[in-house]
Amino acid sequence: MTQGFLALSILFGAVFVMFLGFQFIRVRMILVSAGFFILLTGAFASYANWLPQIRGEDDGKPGGVEGLKGKTVEEIAEMGKEIIFGKNRGIGERSIGKGQCPLCHTFNAGDIGDRAPNLIGIAKRALERVKDPRYLKPDFVQLESFAGSGRATTATEYIAESHACPSCFVVEGFGVPGTKDKESPMMVVHKPPIGLTINELIAVDTWLFFREGFDPPSVAEIQAAYEKFIPPPERPKDGADGVAVKTRFNPDQIAHDSDSTLDMIERMGCAGCHRIPTVDFAKIGVVGPLLIEGENAARRIVSPEYQEAIQKGTAHARNPREYVIESIMNPSSFIVPGFPAQKGGKSLMPDHFSKRFTYSAAEKLADFLLSLDKETAIQQGVDRLPNEKEGTLFPEKEMKDRVSGTPDKSGSPGPA
Ligand code: HEC
Ligand code: HEC
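Predicted model, so just to flag it, every value in this text is computed and none were measured. (Residues numbered from 1 in each chain as written. Chains lettered and ligands numbered in written order. Predicted model: local features only at pLDDT ≥ 70, side-chain atom pairs only at ≥ 80, totals over all residues.)

Bringing the confidence of the model for the chain into the picture now. The predicted structure's coordinates, where accompanied by low pLDDT, should not be read in detail. In the predicted model, the chain carries a mean pLDDT of 80, and the fraction of residues at 70 or more is 72%. The low-confidence segment residues 44-64, where pLDDT is below 50, has 38 contacts with residues more than four positions distant or belonging to other chains. Every residue in residues 396-416 is under pLDDT 50, and counting partners more than four places away or in other chains gives 41 contacts. (pLDDT = per-residue confidence, 0-100. Contact = placed C-beta atoms within 7 Å.)

So, in structure tokens, the structure goes:
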């Protein structure tokens, strides 16, 4: 408010000084120039004022959970809900909390999950899953969460295993494209970039049961399930004061060009969907392409599909840098071939980044992504998926080893 007032007063001041300039001919040049400079100052002040002003909490608040001792089931469920959906967001915006689940999952009856199963009914479905022939005769990249962990036998254990070892059972049709449902695109949620603690996981699971009217399993029971699937050295602890380990994921906070690119990537949750060479916590995202824009961007622009998008007036980039910035700020302008989109042709990538990045921050991030290419990816051991049209980065044999099966050569565009 006060900033807006300041900007207005500067503007009025400028107009007044220029007006004086026209009254006093002898000092006209001086007054008009002075007025002009004040006008510029005012314009900049107003511009800065119009930039997005929302400021998130630096401590990564969404999902900050206290110890569970002495909490009622309702309170624990409420915490779980906040970990999944975060605090209230703007109207019409997808609501995403520390757990990042809504990046892929839907939660309400009737919503179609095109990236991941709708989690409605999971409390009941979980028990059916552990009796599924595909569960009982598993043929996945991982057969056990860790050597000797065994497999789930109850609904509580199935949900814990889904979170701790997504590839221990892959729901049909939702595997990483090209892996024949042997590998899950979901990340292990107790490890970065999500990094939920056991208490937070207990809260999430409590909510999954509670919200459908079931009596949730006790805290001790859910804890035992997680301890079955997460070996002691890997168990993420809550802070000494009972407060959850802090997360940097906070998509409500605006990215400025003074932020490091790593900060931006972590805060905005890009790693949930993309692998990004040189970024430690971005090695598993398979919803979107491997971000080697030093190579991809130039190739995309000249592709017939992109040229068609230009003809239609949805895409506008003339060079690789513009392409990457456009991809971040307006993902639906062009859908990378081989990647599924939402109904109506909208991108699966969130469309809120134009409100989360200042333009210069997006430029900085784009320049970083443009510095990454095939060589960087090979050094870093992150490979392309079979559905990324250009073919895999690594020789077919390695890809085979990775998914322990024959890669799907059809370049299938993922879950139908
Ligand atoms: C990157 C996308 C992604 C994110 C983020 C994600 N999931 Fe998943 N999830 C999937 C996919 C895809 C499947 C189906 C494949 C499989 O079985 O692993 C799945 C499966 C599941 C299942 C088993 C569903 C069933 O019907 O058997 C549960 C439970 C689950 N996720 C919970 C969660 C929770 C809770 C979170 C947040 C803490 C989360 N997921 C975050 C993609 C994701
Ligand atoms: C919910 C998943 C999701 C998240 C989160 C996400 N993206 Fe994407 N992104 C996609 C998908 C899917 C595509 C490919 C389809 C398309 O073009 O819309 C894509 C495409 C892109 C492309 C074009 C890549 C190419 O090679 O042509 C860039 C660049 C990109 N994303 C950057 C980012 C950045 C930076 C972030 C974080 C600020 C981010 N994405 C967050 C899903 C996601």
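What follows continues from the structure just given.
Quick look at the environment of serine 260 now. Relative to the helices and strands, serine 260 is located in the loop between helix 8 (219-229) and helix 9 (261-268). Taking the C-alpha atoms as reference points, serine 260 and alanine 361, separated by 101 residues in sequence, lie 9.2 Å from one another. (Helix = DSSP H or I, 4+ residues; strand = E, 2+ residues; numbered from the N terminus.)

Another point: helix 12 (residues 320-329). Along helix 12, the residues that are buried comprise Pro320, Tyr323, Val324, Ile325, Ser327 and Ile328. Next to the buried residues of helix 12 lie helix 10 (293-302) and helix 13 (359-370). (Buried ≥ 20, exposed ≤ 12 C-beta atoms within 10 Å, placed from the backbone.)

In the region of ligand 1, 28 residues are neighbours, and Gly99, Cys101, Cys104, Ser184 and Met186 sit closest. Counting residues per element, the ones that place at least two in the shell around ligand 1 are helix 4 (122-129) and helix 6 (155-164). Across the shell around ligand 1, the residue classes tally to 18 nonpolar, 7 polar and 3 charged. (Near = placed C-beta within 6 Å. Nonpolar A, V, L, I, M, F, W, Y, C, P; charged D, E, K, R; others polar.)

Near ligand 2 there are 29 residues, and of these Cys270, Cys273, Gly288, Asn296 and Ser347 occur at the shortest range. Mapped onto the shell around ligand 2, the elements with two or more residues apiece are helix 10, helix 12 and helix 13. Grouping the amino acids of the shell around ligand 2 by side-chain chemistry returns 20 nonpolar, 7 polar and 2 charged.

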